[in-house]
Amino acid sequence: MNIQLPVIDREPSLAEAEAALALLRAWAGRASDTEIAALEPAVARLLPGQPDPAYPLFRRDYPADFAPDIAYRRTMPDLQNGPASLIRGARREIQHVGISNFRLPIRFRTRDSDAAGAGDVTLQTSVTGTVSLDADKKGINMSRIMRSFYQHAEKCFSFGVIEAALEDYKADLESFDARIQMRFSFPMKVGSLRSGLWGWQYYDIALELADQGGTRRRFMHLDYVYSSTCPCSLELSEHARYGRGQLATPHSQRSVARISVEVLPGAVLWFEDLIEICRAAVPTETQVMVKREDEQAFAELNAANPIFVEDAARLFCAGLQADARIGDFRVVASHQESLHSHDAVSVLTEGPTFAADSLDPKLFASLIHTG
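This is a predicted model, so every value here is computed, not measured. (Residues numbered from 1 in each chain as written. Predicted model: local features only at pLDDT ≥ 70, side-chain atom pairs only at ≥ 80, totals over all residues. Heavy atoms only, no water.)

Asker: Quick one: what's the story with the overall build of the protein chain, residue by residue and with numbers?
Answerer: Regarding its fold elements, the protein chain presents ten helices and eight strands. Whereas a compact globule of 371 residues would reach a radius of gyration of roughly 21 Å, the protein chain reaches 34 Å, over 25% beyond that. Projected onto the principal axes, the alpha-carbon positions of the protein chain cover approximately 115 × 55 × 40 Å. When burial is assessed residue by residue, the protein chain has 37% of its 371 residues classed as buried. For the protein chain, the accessible surface area stands at approximately 22,700 Å², while carbon and sulfur atoms represent 54% of it. Distance between charge centroids for the protein chain: 1 Å, based on 39 positive and 49 negative side chains. (Helix = DSSP H or I, 4+ residues; strand = E, 2+ residues; numbered from the N terminus. Rg over C-alpha atoms; globule rule 2.2 N^0.38 Å. Buried < 20%, exposed > 50% of the residue type's maximum accessible area, 1.4 Å probe, protein only. Areas by Shrake-Rupley, 256 points an atom, 1.4 Å probe, with all protein chains shown as cover. Lys, Arg positive; Asp, Glu negative; His and termini not counted. Charge placed at Lys NZ, Arg CZ, Asp CG, Glu CD.)

Asker: I'd love a proper account of the pattern of salt bridges, names of residues and values included.
Answerer: On inspection of all chains with the given rule, the structure shows 15 salt bridges. We note a salt bridge from Glu 276 to Arg 111, for which the minimum N-O separation is 2.7 Å. Here Arg 111 lies in the loop between strand E1 (94-108) and strand E2 (121-133) and Glu 276 lies in helix H8 (residues 271-281), a separation of 165 residues in the sequence. Accessibility expressed as a relative area gives 34% for Glu 276, which makes it partly exposed. Linked through salt bridges whose partners overlap, the residues forming this network are Arg 111, Asp 273, Glu 276, Asp 323 and Arg 325. (Salt bridge = Lys/Arg side-chain N within 4 Å of Asp/Glu carboxyl O.)

Asker: Which residues make up the packing of aromatic side chains, and what values go with them?
Answerer: Tallied over the full model, the rule gives eleven aromatic pairs. Look at Phe 102 and Tyr 150: their rings are 5.6 Å apart centre to centre, the planes differ by 65°, and that puts the pair in the edge-to-face class. Of the two residues, Phe 102 sits in strand E1 while Tyr 150 sits in helix H5 (residues 142-150), which places them 48 residues apart along the sequence. Aromatic side chains Tyr 224 and Phe 316 sit 5.9 Å apart centroid to centroid with 80° between the ring planes, which places their arrangement in the edge-to-face category. One end of the pair, Tyr 224, is in strand E5 (residues 215-229); the other, Phe 316, is in helix H10 (residues 309-321), and 92 residues separate them in sequence. (Phe/Tyr/Trp six-rings, centres within 6.5 Å; stacked < 30°, edge-to-face > 60°.)

Asker: Any details on the pairing of E2? Residues and values, ideally.
Answerer: In this sheet, E2 lies alongside E1 in antiparallel orientation, the contact comprising eleven bridges. Among the inter-strand pairings, Leu 104 is bridged to a residue of E2, identified as Thr 125. With six bridges connecting them, E2 and strand E3 (residues 178-191) associate as antiparallel partners. Directly across from Thr 128, in E3, lies its bridge partner Gln 181. (Pairing = 2+ DSSP bridges.)

Asker: Please set out the nonpolar core residue by residue, giving values where relevant.
Answerer: Phe 149, Val 261 and Phe 316 are the most contacted members of the largest nonpolar core, which totals 62 residues. Per-element accounting of this core gives the leading share, seven residues, to E3. Setting aside anything within four residues of it in sequence, one finds Phe 316 in contact with Tyr 224, Tyr 226, Ala 257, Ile 259, Cys 278, Ala 281, Val 282 and Val 331. In terms of nonpolar packing, the next biggest core, distinct from the first, is built from eight residues, Leu 24, Trp 27, Leu 39 and Leu 47 among them. (Core = buried A, V, L, I, M, F, W, Y, C linked by side-chain atoms within 4.5 Å. Contact = heavy atoms within 4.5 Å.)

Asker: Could you give me a rundown of the side chain of His 221, with the residues and numbers involved?
Answerer: Relative to the elements of secondary structure, His 221 occurs in strand E5. Residue class for His 221 comes out buried when judged on its relative accessible area of 13%. In terms of polar contacts, His 221 uses its side chain to reach the side chain of Glu 208, at 2.8 Å. (Polar contact = N/O pair within 3.5 Å; in protein donor to acceptor, adjacent residues only side chain to side chain.)

Asker: Report on the packing of H5 against helix H6 (residues 159-172), specifying residues and quantitative values.
Answerer: For the pair H5 and H6, the least separation of the axes is 9 Å and the interaxial angle reads 145°. In this structure, H5 meets H6 at a crossing whose hand is right-handed. Only Ala 165, Asp 168, Tyr 169 and Asp 172 of H6 make contact with H5, whose side of the interface consists of Arg 144, Ile 145, Ser 148 and Phe 149. Within the contact of H5 with H6, the residues separate by chemical class into four nonpolar, one polar and three charged. (Axes fitted to C-alpha atoms, helices over the stretch in contact; angles between N-to-C directions. Left-handed = near helix turned anticlockwise from the far one by under 90°. Nonpolar A, V, L, I, M, F, W, Y, C, P; charged D, E, K, R; others polar.)

Asker: With reference to specific residues and values, describe H10.
Answerer: For H10, which comprises 13 residues, the first-to-last C-alpha distance of 18 Å matches the rise-based estimate of 18 Å (1.5 Å per residue) to within 8%. All of the buried residues along H10 are Val 309, Ala 312, Ala 313, Phe 316, Cys 317 and Leu 320. The buried residues of H10 occupy one face: seen down the axis, they fall within an arc of 135°. (Expected span 1.5 Å × (residues − 1). Arc of directions from axis to C-beta.)

Asker: Tell me about the packing of H8 against H10, and please be specific about residues and values.
Answerer: Packed helices, taken two at a time, are described by the angle their axes make and the gap between the axes. At a closest axis distance of 8 Å, the pairing of H8 and H10 adopts a crossing angle of 135°. Considering the angle they form, H8 stands oblique to H10. In the crossing of H8 with H10, the sense of the turn from one axis to the other is right-handed. Contacts from Leu 274, Ile 277, Cys 278 and Ala 281 in H8 reach Leu 315, Phe 316, Gly 319 and Leu 320 in H10. Class assignment for the residues of the contact of H8 with H10 results in seven nonpolar, one polar and no charged. (Parallel < 35°, antiparallel > 145°, perpendicular 65-115°, else oblique.)

Below is the structure:
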């Protein structure tokens, strides 16, 4: 149906326009789909429920057989690599930008590994990878970090292989600084004190490689969990026993020390080595498998090694200072008190690397050990 409109030589009123629209819609209510399809697009768009002819109709089925070629990929937008005019906010260099908690299984060498790989362990690993971003660059393609890492994922991840991954994505992202950190839980067989039993102790460890201004530095971080018996409480308990015949027990608590060390160039510091340094400094490590004789031995071991949190920091410090493979380091200790409703904490640093005028507000809260 075609409607012949008279030539209008004057400005229509609002009432006339509304009447014309009402007439159009009344007609559309009786018209066939074919008649509506024949309307001018500008007229059809005035009808309710009609698609906008200026907006294309899209397929809604997934094109499983579509394979983009190189030419097609070149046409795809890439906002992160866009011009500097797209930058929002201050045009400043960003020291770290990348990904955190990218997880994949990684094979690690242990102190007992041989050339054939016997003794290696495969552990679920959380990767943090960052690069610096120049002030005139919009952003980075995060997936490049993951792709670079996967290229080396089947290899044993010594610091040397981490360097290969870092070299890849530093080049891919055209960045001047880069950093990789890998966190994992490292299992180690630990024997009981007297019964001859053994169990698996798990240690939260992180390896870190930092490339700043072309200088590369290697770091290792370890959470060491131990029992701390308060020396003051021990003395007061003994005073009550011998002075008044009053049975009393000193308070002890599960405690955590986060040890961060720089591994000096050319040195090899195994995970087991750092664990043993901590164990020699503070031998009251929490136990895995115990029988009654082990529990009694642990009570005796605690009584022989009572420590305040200040003592713990200095004992760990002495052990780390004695190892020539270790450069700068930091000890963060938290004794999660059974006497108080708060914790006793300490921070000791050696060298400028870990020194800081401000502490992360969540630093000590993150030392809660959940197993």
